[in-house]
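Working through the structure, step by step
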Amino acid sequence: MFSYQQIRSLNQLEMTVYKFIISHPNDVERLTIRQMAEQSHVSATTILRFLKKVGYSGFSEFKFALKQQRQQEAVQPKLQDLALIKQFFDQLSDHHFNDQIAHAASMVAAAKTTIFFGLGTSGSLAQYGGRLFANYGIYTLMISDPFRTPPVVEHDFYDSLLILLSVSGETEEVLRQARFYKENGANILAITADAYSTLAQLADFNIAYNIPQTQDVQGHLSTQLPVVFLLEQIAQHAYQEVADHLVL
């Protein structure tokens, strides 16, 4: 329903509207614009500005389109789970997104040591990333204990890159690692679902895959396929950059 180009054009308040719509599609259909503004904690003007950016002339037109999409998904339920993945892969036609992958790969190629960290599912993916990068000959370490006491003696990590994986970008243990390594000279690369998260702001560079976050009481249920894809692309590009440099 929304293209990557449209999402990338949103400011932080408009992104709040986008997240609310994606997270509460059925609720939006029955809400007035004033009720939606109250529940999403933005103004009605912000909602209208958002709708204009994504191609709708007004709230009524958007609600009609949303209803039509829901009816289509009811007829083709198996395609619902693929919609967000398709949205992510649509980004690959955008030069800006590919430039982000290339920039992240250059950070990896320039670092003497690449360190991975994440928690929960992101922790498992951090382990995967560490192993994947090692397979490409990139010297990689993995932080597995989020509560490990930082070194007492100051250490200069100026030639190290810390790659942090976090869906929300707000997990305190992840932010603690970002602050510690940044204060000690490391470059920080974050891969998150939210371009406006605290982690994204702390990092030297952030790639946001802009998939709406889904969770229950036990934790995040958001698809992690974009993270796997990004890790593989970054590893391949970094390996090629290092190999080209050695040839020269």
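In case you missed it, the structure is sitting above this.
With that settled, the discussion passes to the sheet that holds strand E1 (residues 113-118). Taken in spatial order, the five strands of this open sheet run E2-E1-E3-E4-E5, and their pairing is parallel. Two strands lie at the open edges of the sheet, namely strand E2 (140-142) and strand E5 (205-208), each paired on one side alone. When strand polarity is set aside, the average angle formed by the axes of neighbouring strands in this sheet is 20°. The pairing of E1 with E2 spans three bridges and is classified as parallel. Bridging from a neighbouring strand, Phe116 pairs with Met142 of E2. Contacts between helix H8 (residues 95-110) and the sheet are confined to E1, strand E3 (160-166), strand E4 (187-192) and E5, with E5 contributing the most and set at about 140° to the helix. Most of the contacts of helix H9 (residues 121-135) go to E1, to which it runs at about 160°, and overall it touches E1, E2 and E3.

Next up on the list: the side chain of Ser168. On the secondary structure map, Ser168 appears in the loop between E3 and helix H10 (172-183). Given the relative accessible area of 14%, Ser168 is considered buried. In this structure the side chain of Ser168 is engaged in a polar contact, spanning 3.1 Å, whose partner is the backbone nitrogen of Glu170.

Attention now goes to H10. The terminal C-alpha atoms of H10 lie 16 Å apart, and with twelve residues this matches the ideal 16 Å at 1.5 Å per residue to within 8%. Residues of H10 that are buried include every one of Glu173, Val174, Leu175, Gln177, Ala178, Phe180 and Tyr181, and no others. Of the surrounding secondary structure, the elements contacted by the buried residues of H10 are E1, E3, E4 and helix H11 (198-202). At the exit of H10 stands Gly185, carrying a positive phi of roughly 95°.

For the rest of this paragraph, the subject is the packing of aromatic side chains. Working definition: an aromatic ring pair is given by the centre-to-centre distance plus the angle between the planes. Scanning all chains against the criterion turns up six aromatic pairs. Plain terms: the ring middles of Tyr56 and Phe62 are 5.3 Å apart, the flat faces sit at 75° to each other, and that makes the pair edge-to-face. The class for Tyr56 is buried, based on a relative accessible area of 15%. For Phe62, a relative accessible area of 0% puts it in the buried group. Judged by centre distance (5.5 Å) and plane angle (55°), the rings of Tyr136 and Tyr239 are tilted. Taken together, the positions of Tyr136 in the loop between H9 and E2 and Tyr239 in helix H12 (residues 225-247) put the pair 103 residues apart, joining distant regions of the chain. Members of the aromatic cluster, each reached through a chain of ring pairs, are Phe157, Phe180 and Tyr181.

Conventions we followed
- Residues numbered from 1 in each chain as written.
- Predicted model: local features only at pLDDT ≥ 70, side-chain atom pairs only at ≥ 80, totals over all residues.
- Heavy atoms only, no water.
- Pairing = 2+ DSSP bridges.
- Helix = DSSP H or I, 4+ residues; strand = E, 2+ residues; numbered from the N terminus.
- Axes fitted to C-alpha atoms, helices over the stretch in contact; angles between N-to-C directions.
- Contact = heavy atoms within 4.5 Å.
- Buried < 20%, exposed > 50% of the residue type's maximum accessible area, 1.4 Å probe, protein only.
- Polar contact = N/O pair within 3.5 Å; in protein donor to acceptor, adjacent residues only side chain to side chain.
- Expected span 1.5 Å × (residues − 1).
- Phe/Tyr/Trp six-rings, centres within 6.5 Å; stacked < 30°, edge-to-face > 60°.

By themselves, these figures tell us nothing about what the structure is for.
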